[in-house]
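Results of the structural survey
Okay, here's what each chain looks like letter by letter:
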Amino acid sequence: MLFHSTPRTDGFSMPAEFAPHAGTWMLWPQRPDNWRLGGKPAQKAFAAVARAIAQFESVTVGVNHNQFMNARQMLSAEIRVIELSSNDSWMRDVGPTFVSDGNGLRGIDWIFNAWGGLYNGLYFPWDLDEAVAAKVLEIERATRYKAPLVLEGGSIHVDGEGTCITTAECLLSPGRNSDLTQAEIESHLKDYLNVEKVLWIPRGVFNDETTGHVDNLACFLRPAEIALTWTDDKSDSQYARSLEAYEFLISQTDARGRKLIVHKIQQPGPILISAEEAEGVDAVDGTLPRKAGDRMAASYVNFYFCNGGAIVPTFGDRRDAGALETLQKLLPERRVVGVPAREILLGGGNIHCITQQQPRVG
Ligand code: KQY
């Protein structure tokens, strides 16, 4: 069912990711112009992420028809596999943003244009991706709000208590909502997420092909507490970006008037794509080329909360152990689980980008 009102009008809002989940939605990687070697290494990485989450809550993976049997065989038995067409596999960005009033569940279906449409989008067409949110909501019998805003789930985080963080680099990028002012975009965020305050961090992570999704840069650990990807190396291209985010966030209060505590998480790398990895990706006109030596936008903050757990990307990097230890200290109520995620990073995102939580209601 399609609703023409807004979640705010109806008393629905987006719960924080760290609130209880009914389960997790994912998609299956296969496009050879994004994933090397026909997606085989990425499929193993996605299967490991799904398995890690399934220790904590139920997982559903949507798969194109021609990969259904392969995915079924590669994913562990407790994972539900369904046929669900998509152009690529970023459920955070193409899936619905679920909203709840505490009892009922509905979902927001944003406009998806592959991270920038014909201006600077990452592939064309994106019609199957655009239909994913509506299909997931149909499966869940959840009412759908069609939002008049180009937005991917990776470009927002909420604290569940009235505050949203995003980046100006992303939501004000010319490929998304060039017909809207910042005030109009903010007003849509308030109406659809049902938040009181939007904090506009200037920029995201260096070289992030999403044009600066907040989920690679920063996330709420709990209300008024944020994890921020960080480097102490002043010569690193990320330094100025993280510093400006830090200074901005500590100067702000949230919707309830609290000062924000910001925890710095040392970034890995720099992680560069190897010649062998670049060669494994099909070169196709209109999709982003992968070149040996390109720096990938690696960040431990691109992790995913699930019931009692946090699934954190690792990269085979000297900083992995420290990041896991720091996050475990910051999240003593959860079990922090590291999952090797270099193959996901090579596709342009990470564990948070490939997952979407469905809140528990009632
Ligand atoms: O949310 C994301 N990080 C998705 C990135 C899409 C990359 C496509 N190559």
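Below is a short write-up of the structure.

This brings us to the overall build of the protein chain. Along its length, the protein chain carries 14 helices and 17 strands. Rg of the C-alpha trace for the protein chain: 19 Å, near the compact-globule value of 21 Å for 362 residues, within the 12% margin. Structurally, the protein chain occupies a C-alpha span of about 50 × 50 × 45 Å along its principal axes. Out of the 362 residues in the protein chain, the part that is buried amounts to 61%. The long-range share in the protein chain, meaning contacts at least 24 apart out of those at least 6 apart in sequence, stands at 75%. Of the accessible surface of the protein chain, which amounts to about 13700 Å², a share of 52% is contributed by carbon and sulfur atoms.

Structurally, F220 is set in strand β11 (residues 218–222). Taking C-alpha positions, F220 is 17 Å from R203, a pair spaced 17 residues apart along the chain. If we ignore the near neighbours within four places in the chain, the residues touching F220 are F18, H157, V158, D159, T163, I165, E225, I226 and F305.

Let us look at the sheet that holds strand β3 (residues 59–63). The 4 strands lie next to each other as β4-β3-β2-β17, forming an open sheet whose pairing is mixed. A single partner strand is all that each edge strand has here, and the edge strands are β4 (80–83) and β17 (356–359). This sheet shows a mean twist of 25 degrees between the axes of neighbouring strands, independent of strand direction. With 4 bridges connecting them, strand β2 (residues 21–27) and β17 associate as antiparallel partners. Bridge pairing in β17 places W25 opposite Q356. Of the strands in this sheet, β2 and β3 are in contact with helix α2 (residues 40–54), which crosses β2 at around 175 degrees.

Spanning 15 residues, α2 covers 21 Å between terminal C-alpha atoms, matching the ideal 21 Å at 1.5 Å per step. Counting buried positions over the 15 residues of α2 gives 12, a clear majority of the element.

Once that is clear, we can look at the site of the ligand. Every one of the 13 residues lining the ligand counts as a neighbour, but N34, D93, E209, G347 and G348 are closest to it. The side chain of N34 places a nitrogen or oxygen atom 2.7 Å from a nitrogen atom of the ligand. Between G348 and the ligand, the recorded distance is 3.1 Å, taken from a backbone N or O atom to a nitrogen atom. Against a free-state accessible area of 300 Å², the protein chains account for coverage of 97% of the ligand. Partitioning the shell around the ligand into residue classes produces 4 nonpolar, 6 polar and 3 charged.

Below, the discussion takes up the environment of G38. Relative to the helices and strands, G38 is located in the loop between β2 and α2. A relative accessible area of 35% places G38 in the partly exposed class. Along the backbone, G38 and G280 are 242 residues apart, and their C-alpha atoms lie at a distance of 8.0 Å. Apart from residues lying up to four places away in sequence, G38 is in contact with Q30, P32 and Q43.

Turning next to the pairing of strand β6 (residues 105–111). Buried residues dominate β6, accounting for 6 of its 7 residues. Pairing between strand β5 (residues 97–100) and β6: 4 bridges, direction antiparallel. Bridge pairing in β6 links T97 to I108. Where β6 meets strand β7 (residues 143–150), 5 bridges bridge the pair, whose relative direction is parallel. Its bridge partner lying in β7, I108 is registered against Y145.

In this section: the nonpolar core. If you look at soluble globular proteins, the nonpolar side chains tend to sit buried side by side. Core analysis: the largest hydrophobic core is formed by 50 residues, its most contacted members being M26, L75, I311 and I344. Residue assignment for this core shows that the elements contributing at least two residues are β2, α2, β3, β4, α4 (91–94), α7 (132–139), β14 (304–306) and β16 (335–340). In contact with I311, other than residues within four places in its own chain, are A52, I53, F56, F303, Y304, C306, V337, V339 and I351. Counting residues in each nonpolar core, the second largest holds 41 residues, with V205, A245, L260 and I271 among its members.

Right, let's get into the sheet that holds strand β15 (residues 309–314). Ordered by their spatial adjacency, 3 strands build an open sheet running β14-β15-β16, and the pairing between neighbours is mixed. For this open sheet the edge positions go to β14 and β16, each flanked by a neighbour on one side alone. Strand after strand, the sheet turns through a mean of 30 degrees between neighbouring axes, direction not considered. Against the sheet, helix α13 (residues 320–330) contacts β15 and β16, and its axis sits at roughly 155 degrees relative to β16.

Let us look at helix α11 (residues 239–250). With 12 residues, α11 extends 17 Å between its outermost C-alpha atoms, agreeing within 8% with the 16 Å of an ideal straight helix rising 1.5 Å per residue. Of the positions making up α11, those classed as buried are Y239, R241, S242, A245 and L249. Along α11, the residues classed as buried sweep out an arc of 170 degrees about the axis, all on the same side. Those residues of α11 that are buried are in contact with α8 (168–171), β10 (197–201), β12 (225–230) and β13 (261–266).

Scoring rules and cut-offs
Residues numbered from 1 in each chain as written. Predicted model: local features only at pLDDT ≥ 70, side-chain atom pairs only at ≥ 80, totals over all residues. Heavy atoms only, no water. Helix = DSSP H or I, 4+ residues; strand = E, 2+ residues; numbered from the N terminus. Rg over C-alpha atoms; globule rule 2.2 N^0.38 Å. Buried < 20%, exposed > 50% of the residue type's maximum accessible area, 1.4 Å probe, protein only. Contact = heavy atoms within 4.5 Å. Areas by Shrake-Rupley, 256 points an atom, 1.4 Å probe, with all protein chains shown as cover. Pairing = 2+ DSSP bridges. Axes fitted to C-alpha atoms, helices over the stretch in contact; angles between N-to-C directions. Expected span 1.5 Å × (residues − 1). Near = heavy atom within 4 Å. Polar contact = N/O pair within 3.5 Å; in protein donor to acceptor, adjacent residues only side chain to side chain. Nonpolar A, V, L, I, M, F, W, Y, C, P; charged D, E, K, R; others polar. Core = buried A, V, L, I, M, F, W, Y, C linked by side-chain atoms within 4.5 Å. Arc of directions from axis to C-beta.

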